[in-house]
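# Architecture at a glance
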Amino acid sequence: MELLMAILIGVLFTAAVYLILSRSLLKVILGTGLLSHGAHLLILTMGGLGGSAPPVLDKEATNFADPLPQALILTAIVISFGVTAFMLVLAYRTYGEHKTDNMNLMRGNDEHD
Amino acid sequence: MEFVLLIFLPIVAALFIPFLFKRMKRIHTGWFVLAVPLVLFLYYATYIPSTMDGGHAISELQWIPSLGISFVSYIDGLSLLFSLLITGIGSLVVLYSIFYLDKNKEKLGNFYVYLLLFMSAMLGVVQSDNVISLYLFWELTSISSFLLIGYWYTRDRSRFGALKSMMITVFGGLMMLGGFVLLGIMGDTYSIRELIASAPDFVGHDYFTLALVLLLLGAFTKSAQFPFYIWLPDAMEAPTPVSAYLHSATMVKAGLYLVARFTPIFAFSEVWVWLVTGIGLLTLFWGSLFAVKQTDLKAILAFSTVSQLGLIMSLLGAGAITFHSDDAVFKFAMFAAIFHLINHATFKGSLFMIAGIVDHETGTRDIRKLGGLMSIMPVSFSVAFIGSMSMAGLPPFNGFLSKEMFLQSMVAIRQFELFQFDTWGILFPVIAWIASVFTFVYSFYFVFRTFAGKRKEGQLPQEPHEAPVGMLVSPIILGVLVVGIFFIPNLVAKWLIKPAVAAIQPNLYSQPGDIDIHVAAWHGFKSVELWLTVGVIIVGALLFISLSKWQKVYGLQPAKFSLNALYDGMMSFSEKGMNRISRFYMTGLIRTYMIYIFAFISVAVLVILFTQDAFVVDMDSFAHIGVYSVINAVILLLAVCFVLLSKTRLAAIIALGAVGYSVALFFVIFKAPDLALTQLVIETVSVALFLLAFKHLPALKDHGETVKTKMTNGIVAIGVGITVTLVALSAHSQKLIPSIAQYYKDTVKTEAGGGNIVNVILVDYRGFDTLFEIAVLSIAGIGVLGMIKLRLGRKENSDENK
């Protein structure tokens, strides 16, 4: 299972990086979305996928899933949502100010770099 | 009392200056500042009796003991002499500045803060026994000099001069630091005293000559020796009190101090004697030659300072000969060096102040417009006359005495038989004599072209008149010293010079009383130096009379072959070259920077993974593959492909949503109900947000990406993907330390009283993390709100460089 997940994470990262490197601002944001999904699954997989019960104390269950990656991911999901929202509004505002979503045109002029 | 703390007294005083300047508008801030150097001067003067007997005092303040770095104030004859110069001339300069700088027009707060900063730094340089703290203070003098030269920062020339002095002196400072470190390695200590004690062992060490050259680079740049002197004339853009203080009496003498202080370590070397004497003499000659060319009063004084510093430097070099020969004729050089150092501070200080007075009262420093001021400014003329005649080396002024000793020392060099001095030695008195002639010429040029001759009516920007009394006090005091020292040279020698000389030449003298040099103005008709002086006067007078005929010769030198042109060329070349290099890789495109980051991450991680044998896959530890997982994986893959390939915004958003939901399903499969719930909620809100925002965004376009750029992006992306896959497998397969998860499982009930381990970790064990998470989310929210609401006023041409 971990092998499958590792490959899946690799695909997610590949797609994310490819989109981030593109010239369209929208694709960059889509890329960051995929990147965070990949990162979440990566944390989960690194901790191990075994475990037959959710990490909730129960009389019968003894073989819990690892609770620590889950706690980390829970934080990460919320943060990545904040980042996505921020990026979206940033893109909206950038497009409003510059009338373009072409990343190649968004660079400092010669006097400023 | 720990007198090492007194070094910092000026800096502490500087803290109050801006406040005093703002609140006490009616009183000139300089009056408060004056107290600092005055008190220090009086305090340091109390050490004279002890250093006269060869004593010294040490006070230490630990800074970084583990690295052997501390502030050590070591007061012996040499550092006491410099401390007295710094505080004494400092008091006079501050007094002078009170009348020179208008309290209503000038930013006195800044000025005096810089000046006090400099005072501390300079005291630190001359008193530090620890080379690292010496270096710290050394650079601080460069910085405060930079600030003071650039005091009138709206002028282009000021900024240029400030930068130039900074570039050259800081370059030298760094070289010097290198020398210090090498010395530290050789002697295994940073203390100068301990280094001197073990100095004989250094000769022949691999680093010895390198350390020597590096240290001299520091001294030569600071003391404006050839070819580094070019910063000093440009430093004359500073207010005149600063020029008098930093750029003639004290800071530029730090290089001389350094050479004097390290003479007992390096004097054993042939290179030292040759370099210090040779460069000093060359600078003396070069400076005096070009001083006559100048038309600005302060520029004449700047070149004359360069020249005089060269003179003292050559004497220090000649003084090092005593480490190789016991012949009595060489003993005069070091004494003459210290003597002339004192004399130069007195007469050059007064001359700078006079130049400032002329500038202040006539509105110009251009010597071509000046003339005939003698009758209008009799007091200024008298002081200028005294200073100039002393500079020219005439009696009855102190410059005559030290100049005679200088000529005597240079003549004596011929008798030195080591290091090929017997072949080349004749050059030294010849060059020294020619330089003395030019010194005579520019001294006369300075004083008589300004004060004698006919007045040039209508050329002066304002009607000239004598300076106010307060402004004249400092130059008069210095002028009196110039005459006074001539009559009591042996008293000065006993109090100040001999203790300093004894500190520089511990090989010759165990205490100042051992020095059997007696200064006399008259040595009889048989003395060589008397006839040399007579020759200087005759030839110099002839040259001065015919000055207008030959001064044009200077125009023959093309500007592009000067050292200044070399400096300007180097500056613009390095600026352009660096610009070109950084433009080459800093393209301004986010894509380029992202490629650097991603490529670096994957290459670095892959290299480490395989060179350190960190890549391990343990197939046995894998969980079994479930049917649902496979189906879900296929859905996720398809959704990712849709995101990549979709041509419309809506399709891409929906596909991204699908990715998110299938990730949520994975959370369900892997027994993470909390994650799944959160993910579902967040994904739903995200998709709604995307749809909302995309309404305002343009359609998906590739903006003319070529196949080549897409290929590059693809390769980088695949590289990152493979790296992450391998890292995921390795991280899972090898656990170097057991997971902390077991601790949580064991204690969650007893410690935190909860059942849902994930929740308890978040709100209890890692409560602060969650708090900060909320803070991050709030900041993002504020950012979002700000970006939506905020409308900045559009400003055209807001760029200040246009």
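Residues numbered from 1 in each chain as written. Chains lettered and ligands numbered in written order. Predicted model: local features only at pLDDT ≥ 70, side-chain atom pairs only at ≥ 80, totals over all residues.

Turning next to the overall build of chain B. Along the backbone of chain B there are 32 helices and two strands. Taken over the C-alpha trace, chain B has a radius of gyration of 37 Å; the compact-globule value for 802 residues is 28 Å, which it surpasses by more than 25%. Expressed as a percentage of contacts within chain B between residues at least 6 apart in sequence, the contacts between residues at least 24 apart total 79%. (Helix = DSSP H or I, 4+ residues; strand = E, 2+ residues; numbered from the N terminus. Rg over C-alpha atoms; globule rule 2.2 N^0.38 Å. Contact = placed C-beta atoms within 7 Å.)

Now for the pairing of strand S2 (residues 69-75) of chain B. Residues and elements named next belong to chain B. In terms of residue burial, S2 counts as a mostly covered element, since five of its seven residues are buried. Relative to S2, strand S1 (residues 57-64) runs antiparallel, the two being bridged by seven bridges. Bridging from a neighbouring strand, Glu-60 pairs with Val-72 of S2. Linking S1 to S2, which pair antiparallel, is a turn of four residues; within it Gly-68 sits at a positive phi near 70°. (Buried ≥ 20, exposed ≤ 12 C-beta atoms within 10 Å, placed from the backbone. Pairing = 2+ DSSP bridges.)

This paragraph deals with the packing of helix H2 (residues 25-47) of chain A against helix H3 (residues 67-98) of chain A. Residue and element names in this part refer to chain A. Where H2 contacts H3, the axes come no closer than 10 Å and their chain directions differ by 175°. The angle between H2 and H3 places the two elements in the roughly antiparallel class. In terms of residue class, the contact of H2 with H3 is made up of 15 nonpolar, eight polar and no charged. (Axes fitted to C-alpha atoms, helices over the stretch in contact; angles between N-to-C directions. Parallel < 35°, antiparallel > 145°, perpendicular 65-115°, else oblique. Nonpolar A, V, L, I, M, F, W, Y, C, P; charged D, E, K, R; others polar.)

Domain boundaries assigned for chain B yield domain 1 (280-545), domain 2 (586-738) and domain 3 (739-791). Here domain 1 of chain B and domain 2 of chain B have C-alpha centroids that lie 78 Å from each other. (Domains from an automatic or database assignment.)

On to unusual backbone geometry. All names here are of chain B. The amide bond that connects Phe-226 to the next residue, Pro-227, takes the cis arrangement and shows omega of -5°. As for its placement among the helices and strands, Pro-227 is situated in the loop between helix H9 (208-222) and helix H10 (231-234). With an omega of 0°, the peptide bond between Pro-395 and Pro-396 qualifies as cis. When you line up the elements, Pro-396 lands in the loop between helix H16 (378-392) and helix H17 (398-413).

Size of an interface, as often reported, equals the accessible area lost when the parts are brought together. Taken together, the contacts link 86 residues of chain B with 75 residues of chain A. Elements that contribute at least two residues to the side of chain B that touches chain A include exactly helix H25 (590-611), helix H26 (627-645), helix H27 (649-669), helix H28 (673-694), helix H29 (707-733), helix H30 (741-752), helix H31 (757-765) and helix H32 (767-789) of chain B. Here the side of chain B that touches chain A is built from residues that sort into 54 nonpolar, 19 polar and 13 charged.

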